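# Report on the structure
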Amino acid sequence: MWALLEQKELMRAHLSGVRQGYRGRLVLDGLDLALGPGVTALLGPNGAGKTTLMRTLATVQPPIEGTVTIGDTVVSDERTARRVRRQIGYLPQAFGWDPGMRVGDFVEYAAWLREIPARDCPRAVEEALRHVDLVDRRRDRLSRLSGGMRRRAGIAWAVVGAPGLVILDEPTAGLDPRQRLQFRRIVTGLPDTTVLLSTHLIDDVAAACDRVVVLHGGRLRFDGSVADMEARACDGLPGHTPLERAYMELLPEEERTL
Ligand SMILES: Nc1ncnc2c1ncn2[C@@H]1O[C@H](COP(=O)(O)OP(=O)(O)OP(=O)(O)O)[C@@H](O)[C@H]1O
């Protein structure tokens, strides 16, 4: 498994002083975030800027101000962005599937985009499909997969060639409980990989993540381990678990009641 890891370097990624937004409206306001190997959850209310942060980190949307560093490379222009994208597996929230594409071809296309040498492609595709348990479905068209299987195909898309940085935008939305358990096994089984995943499902954070980042109003409200976040839980706030109560505690006071 993951034979291509022989060539893999541990990946660090860094956003520094990032300002980002749309048509003059700031969404991220001077954001600093350093990521390293392990699974980091990105939490925050709707509209907090999670997708915007992920798109910026994935080098899809250059920041208005500040720097994005992937590994040792400061992403300063399209040329450097193209170079670092070989090391980034990004699964966007809204993915433009071609329903007629076969699963194997879909993952191979990702390998081609990531400029994996042609001789390594078959093995990389096989490993990615094996990782998400879709080897037997490689000849099926995407339109014939269930929603959960399609998500798994999306994860294979993101992890083909074992990129050092994997960015998954709400990968568990719409999955059934068993599929969510499968997803956690897949994500925690990515060795030596820096994974950032956004979610609204706090159970997934406790079960699959080492670290949590909470974003609100374009700024980080929390950055630390799951245990450190749980320790912030206050009695009296809504929530069924310490992590849920800690999340509520991190919101501005006017948003803490239901
Ligand atoms: N392409 C765009 N053009 C203009 N505004 C946008 C665009 N994309 C996002 N926004 C705005 O930027 C803000 C942050 O959006 P973003 O999608 O990053 O939040 P999010 O935390 O991912 O939200 P959710 O949890 O709902 O997915 C929102 O106010 C949104 O309306």
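In case you missed it, the structure is sitting above this.
Residues numbered from 1 in each chain as written. Predicted model: local features only at pLDDT ≥ 70, side-chain atom pairs only at ≥ 80, totals over all residues.

### Notes on the sheet that holds strand 2 (residues 25-35)
Heads up, the rule is: Only strands joined by at least two bridges in the DSSP assignment are considered to pair. Strands are runs of DSSP state E lasting at least two residues, helices are runs of H or I lasting at least four, and both sets are numbered from the N terminus onward. The contact criterion used here is simple: two residues whose C-beta atoms, placed from the backbone, lie within 7 Å are in contact. To obtain each axis, a line is fitted to C-alpha atoms, and for helices this fit is confined to the stretch in contact; angles are then taken between N-to-C directions over 0 to 180 degrees.
Taken in spatial order, the four strands line up as 2-1-4-5 in an open sheet, and their pairing is antiparallel. Looking at strand neighbours, the two that pair on one side only are strand 2 and strand 5 (73-74), the edges of this open sheet. Sheet analysis places strand 4 (residues 65-70) next to strand 5, joined by two bridges and oriented antiparallel. Looking across to strand 5, one finds that Thr69 is bridged to Val74. Sheet contacts for helix 1 (residues 50-57): strand 1 (13-22), strand 2 and strand 4; angle to strand 1, the most-contacted strand, approximately 125°.

### Side note on the nonpolar core
Just so we agree on the cut-off: Structurally, a nonpolar core is described as a collection of buried Ala, Val, Leu, Ile, Met, Phe, Trp, Tyr and Cys residues joined by way of C-beta atoms within 7 Å. Note on burial: count the other C-beta atoms lying within 10 Å of the residue's C-beta; 20 or more is buried, 12 or fewer is exposed, in between is partly exposed, and C-beta positions come from the backbone.
Among the nonpolar cores identified, the biggest contains 69 residues, and Val107, Ala156, Val160 and Ile167 are the most heavily contacted of them. Per element, the largest residue contribution to this core is six residues, and it comes from helix 5 (residues 147-159). Apart from residues lying up to four places away in sequence, Ile167 is in contact with Met54, Leu57, Ala58, Ile88, Tyr90 and Leu196.

### Structural notes on the pairing of strand 4
Here five bridges tie strand 1 to strand 4, and the two strands are oriented antiparallel to one another. By the bridge assignment for strand 4, Leu15 is matched with Val68. Linking strand 4 to strand 5, which pair antiparallel, is a turn of two residues; within it Gly71 sits at a positive phi near 60°.

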